[in-house]
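Coordinate analysis (summary)
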There are 2 protein chains.
Amino acid sequence: MQVLDVNLILLNEHDRVGADLFAVSDVRATHLLNVLRVTPGQTLRVGLLDGPLGVGVVESSTDERVTLHCTFDPDTPERPRVDLLLALPRPKVMRRLWAQLAALGVGQIVLTNAERVERNYFDTHVLEEARYRPLLIEGLQQARDTRLPRVSVHKQFRILIEDRLDALFPAGRRLVADPGAARSVPDAIAQTRPERVLLAVGPEGGWNAFELELLEAHGFMRVGLGPRALRVDTACTALIAIGHAAMGHGSG
Amino acid sequence: MQVLDVNLILLNEHDRVGADLFAVSDVRATHLLNVLRVTPGQTLRVGLLDGPLGVGVVESSTDERVTLHCTFDPDTPERPRVDLLLALPRPKVMRRLWAQLAALGVGQIVLTNAERVERNYFDTHVLEEARYRPLLIEGLQQARDTRLPRVSVHKQFRILIEDRLDALFPAGRRLVADPGAARSVPDAIAQTRPERVLLAVGPEGGWNAFELELLEAHGFMRVGLGPRALRVDTACTALIAIGHAAMGHGSG
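Residues numbered from 1 in each chain as written. Chains lettered and ligands numbered in written order. Predicted model: local features only at pLDDT ≥ 70, side-chain atom pairs only at ≥ 80, totals over all residues. Heavy atoms only, no water.

With that settled, consider the overall build of chain A. Regarding its fold elements, chain A presents seven helices and eleven strands. Relative to the 2.2 N^0.38 estimate, which gives 18 Å for 252 residues, the radius of gyration of chain A is 20 Å and therefore close to what a compact globule would have. For chain A, the C-alpha atoms occupy an extent of roughly 60 × 40 × 35 Å along the three principal directions. Among the 252 residues that make up chain A, the fraction classed as buried is 56%. (Helix = DSSP H or I, 4+ residues; strand = E, 2+ residues; numbered from the N terminus. Rg over C-alpha atoms; globule rule 2.2 N^0.38 Å. Buried < 20%, exposed > 50% of the residue type's maximum accessible area, 1.4 Å probe, protein only.)

Right, let's talk about the sheet that holds strand 1 (residues 9–11) of chain B for a bit. All names here are of chain B. Taken in spatial order, the five strands line up as 1-3-4-5-2 in an open sheet, and their pairing is mixed. A strand with exactly one partner marks an edge of an open sheet, and here the two such strands are strand 1 and strand 2 (21–24). Averaged over all neighbouring strand pairs, the angle between strand axes comes to 40 degrees, with direction disregarded. Bridge analysis of strand 4 (residues 53–61) against strand 5 (residues 66–72) gives seven bridges, and the strand direction is antiparallel. (Pairing = 2+ DSSP bridges. Axes fitted to C-alpha atoms, helices over the stretch in contact; angles between N-to-C directions.)

Let us now look at the nonpolar core. One finds Trp98(A) and Trp98(B) to be the most contacted residues of the largest nonpolar core, which totals 132 residues. When near neighbours in sequence (up to four residues on either side) are disregarded, Trp98(B) contacts Ile109(B), Leu111(B), Val126(B), Leu127(B), Tyr132(B), Leu135(B), Leu136(B) and Val151(B). (Core = buried A, V, L, I, M, F, W, Y, C linked by side-chain atoms within 4.5 Å. Contact = heavy atoms within 4.5 Å.)

Turning our eyes to something else, we now look at the relation of the copies chain B and chain A. For the pair of chain copies, the relating operation is a rotation around an axis with a shift along it. Overlaying chain B on chain A yields an RMSD of 0.0 Å, the required transformation being a rotation through 180 degrees with an accompanying axial translation of 0.0 Å. Overall, the copies show the geometry of a two-fold rotation axis. With an isologous cut-off of 70% or more, the 100% of interface residues of chain B that recur at the interface of chain A puts this contact in the isologous class. (Least-squares fit on C-alpha atoms with pLDDT ≥ 70 in both.)

The subject of this paragraph is the sheet that holds strand 10 (residues 197–201) of chain B. All names here are of chain B. Across the sheet, six strands lie side by side as 8-7-6-10-9-11; this open sheet has parallel pairing. Lying at the two open borders of the sheet, with one neighbouring strand each, are strand 8 (150–154) and strand 11 (220–223). For this sheet the average axis-to-axis angle between neighbouring strands, irrespective of direction, equals 20 degrees. Two elements, strand 6 (residues 82–87) and strand 10, share five bridges in a ladder whose sense is parallel. Within strand 10, the position partnered with Leu86 by the bridge is Val201. Packing against the sheet, helix 4 (residues 157–168) makes contact with strand 6, strand 7 (108–112), strand 8, strand 9 (173–177), strand 10 and strand 11, and its axis sits at approximately 165 degrees to strand 7.

Residues and elements named next belong to chain A. Summarising the element assignment, Thr71 is placed in strand 5 (residues 66–72). For Thr71, a relative accessible area of 48% translates into the label partly exposed. The spatial distance from the C-alpha of Thr71 to the C-alpha of Asp20 is 6.9 Å, given a sequence separation of 51 residues.

Attention now goes to the interface of chain B and chain A. Counting from both sides, the interface comprises 34 residues of chain B and, opposite them, 34 residues of chain A. Applying the counting rule to chain B against chain A returns two salt bridges. Between Asp145(B) and Arg228(A) there is a salt bridge whose closest N-O contact spans 3.0 Å. With six residues, helix 7 (residues 232–246) of chain B is the single largest residue contributor to the side of chain B that touches chain A. (Salt bridge = Lys/Arg side-chain N within 4 Å of Asp/Glu carboxyl O.)

Here it is as structure tokens:
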């Protein structure tokens, strides 16, 4: 059985054309046909969006449509136990981040305003679900995961933290990255061994004093990433990776 | 004293025009004059390449030249204790990586060939020092560090590992990222509390069996990053960040 060198083809219920049969005819079909040049009988790694992983055998392929006979694992992968609260970065940076965050593994992405976020960042197309969903799926296919991160966008920081966050993140450890903090992420997580962790990353210029205090008043513990000043996208990747490692997901 | 919002201006001995006087007239001057619009008397964070951090007071500024009176700290920042051994990625990825690696903090970058590295990757301009040095400096200025990573490029993997590596990395813990490995980076580092750590990251398609065995025969321990398949650049950022956190650099 030859498993092609593609990380994962993500399917969803709309693709289902029979009990175990799925037909794809969009960019996935283009990739399968033109890049991987699949032929009937070949086997691919597949996954059902927010469902189990599995394998698909190519039943038929035409110029624009590939039909797969799929067998799925009994279990669905666990939702990543790391969540991200992020002050909305510049559209160019946010565009790059979607796939990266989904690949690294986050349960949810909570985007927020802050004093040092420019208002017009919220007008961008990269916050439209039709734009970011394909990017998230690209990241999942890269990482071989099926769990689509939940996304919410909040234009009022104070309302988010005071009124909404307990519903979005009811239980777990809340951490906020702060250049001045002496406590490290592994130390903060080792203390309580939480089920989930929410990592807050501020805007390019940092949270202001009011925002940091409000976060602390709502259970966020300050953690440092060392003396180096990192760009927002690098800081997100670093924090999420350290978060997963500290939560014990570092082993395969 | 107003410290301008620039992370760091890196100076070198060529810029020195007096005992504590430095004059810059290249892209740094353009940035100082056109972006930050500095005027005499203003104070900036400065650093001497591979030397100490400090502060610079603008003495004079013309259309294309800024002169700074600098006072430096007594000590030079420690060289980052994390090193990277990387199978040369695609030129586009490598171009993006230079500044990112310098910002994250690596003592040295050892680039190598491997079976799954395409030969023509070595012909690219991004491996010319004149191209990558400005990108490394950009990363240092971002992160507020002065320690330029050492770079070496090796077209023969076996000769590198068998004959060169002991001189490049004489002492410390050697780790190789391997998707199948159960041991995590923090576990591997906690065991021996090394002075330095060398992290090996393979090509997009992974090391082949011979390469992995040769690495293991030369003291590399396999470590996993969890079940997720990450892109090379994301894997580098994740590993270096976890490496720093595990080495105890996570605190400010």
